[in-house]
Amino acid sequence: MLDRDPALGRVEQDLDSIPFRAGIRRGFWRLQSFEFPILFMLVKADGGEEAENWFRFKFDLGRYPGRAPSCRLWEMDSDGEIRDENRPRKKNPDGSLEMFDPFKPWQDSHIYRPWEQEAGPHLDAQNKHPHLAWRPDRDLSFVLEDLYERLNRYATAGSF
């Protein structure tokens with residue numbers, strides 16, 4: 001008999017948690033697909049005066065939660081890294097558009113956040129951003145709440 005991967009059990013626990021389900025009910029995020037260790041999530045960006053937009057995130061959750069999630073922006077309609085023209089943008093007071101720092105092109109579209117597997121060490125997250133650094137007691141809702149907050153901090157212009 002094969003042993004069940006403990007990371008899979010933990011991901012399933014997170015997907016069934018009250019905070020995760022509450023985010024779905026509130027319309028903040030949606031689960032698109034899950035085939036361990038890959039999870040695709042859609043996170044809503046309220047476009048302000050524009051229609052809402054959804055952005056697709058690809059998570060690699062191998063060795064989760066001991067190892068931080070790998071999180072990348074992914075195209076909505078294809079199986080590939082997001083193109084620059086489809087990245088989230090914020091509208092500046094002068095009406096110009098600017099790409100959000102966490103979503104700028106960086107190492108194969110990894111999200112540039114302290115909890116992310118590739119970005120965390122680069123940002124020295126444990127020391128500089130302990131409140132956002134990954135720890136094994138964190139869960140997927142922590143990550144999704146941060147992504148939702150980043151996307152909705154300003155009225156976004158959404159995908160082009």
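Note that this is a predicted model, so its numbers are computed, not measured. (Residues numbered from 1 in each chain as written. Predicted model: local features only at pLDDT ≥ 70, side-chain atom pairs only at ≥ 80, totals over all residues. Heavy atoms only, no water.)

A. The overall build of the chain, seen in detail. The helix and strand tally for the chain stands at five helices and six strands. Secondary structure elements of the chain occur, N-terminal to C-terminal, as α-α-β-β-β-β-β-β-α-α-α. Taken over C-alpha atoms, the radius of gyration comes to 16 Å for the chain, in line with the 15 Å a tight globule of 160 residues would show. Taken along the three principal axes of its C-alpha coordinates, the chain extends 60 × 35 × 30 Å. Taking the intrachain contacts of the chain between residues at least 6 apart in sequence as the baseline, contacts between residues at least 24 apart amount to 48%. Accessible surface, the chain as shown: approximately 8,600 Å² in total, 48% of it carbon and sulfur. Side chains of the chain carry 24 positive and 29 negative charges; the gap between the two charge centres is 3 Å. (Helix = DSSP H or I, 4+ residues; strand = E, 2+ residues; numbered from the N terminus. Rg over C-alpha atoms; globule rule 2.2 N^0.38 Å. Contact = heavy atoms within 4.5 Å. Areas by Shrake-Rupley, 256 points an atom, 1.4 Å probe, with all protein chains shown as cover. Lys, Arg positive; Asp, Glu negative; His and termini not counted. Charge placed at Lys NZ, Arg CZ, Asp CG, Glu CD.)

B. Fine view of the pattern of salt bridges. Tallied over the entire structure, the rule returns eleven salt bridges. We note a salt bridge from Arg-83 to Glu-75, for which the minimum N-O separation is 3.6 Å. Accessibility expressed as a relative area gives 38% for Arg-83, which makes it partly exposed. A relative accessible area of 4% places Glu-75 in the buried class. (Salt bridge = Lys/Arg side-chain N within 4 Å of Asp/Glu carboxyl O. Buried < 20%, exposed > 50% of the residue type's maximum accessible area, 1.4 Å probe, protein only.)

C. Spatial organisation of unusual backbone geometry. For the bond running from Phe-36 to Pro-37, omega is 10°, close enough to zero to count as cis. Here the bond from Tyr-64 into Pro-65 is cis, since omega is 0°, no more than 30 degrees from zero. Among the structural elements, Pro-65 can be located in the loop between β3 (53-60) and β4 (70-74).

D. Region of the structure containing the pairing of β3. Judged by how many residues are buried, β3 sits mostly within the fold: six of eight residues are covered. Both strand β2 (residues 38-45) and β3 contribute to a ladder of eight bridges, which runs antiparallel. Note on β3: the bridge partner recorded for Ile-38 is Asp-60. Bridge analysis of β3 against β4 gives five bridges, and the strand direction is antiparallel. Its bridge partner being in β4, Asp-60 is matched across the sheet by Ser-70. (Pairing = 2+ DSSP bridges.)

E. Representation of the packing of aromatic side chains in the model. Applying the stated criterion across every chain, the model contains seven aromatic pairs. Aromatic pair Phe-57 and Phe-103: ring centres 6.2 Å apart, planes at 50°, arrangement tilted. One end of the pair, Phe-57, is in strand β3; the other, Phe-103, is in the loop between β6 (97-99) and α3 (119-122), and 46 residues separate them in sequence. Of the aromatic side chains, those joined through ring pairs into one cluster are Phe-20, Phe-28, Trp-29 and Tyr-148. Geometry around Trp-54 places Arg-30 over its ring, the cationic atom sitting 3.9 Å from the centre. Positioned above the aromatic ring of Phe-40, the side-chain terminus of Arg-56 is 4.1 Å from the ring centre. (Phe/Tyr/Trp six-rings, centres within 6.5 Å; stacked < 30°, edge-to-face > 60°. Lys NZ or Arg CZ within 6 Å of the ring centre and 35° of its normal.)

Everything listed here is a matter of geometry and, on its own, says nothing about what the molecule does.
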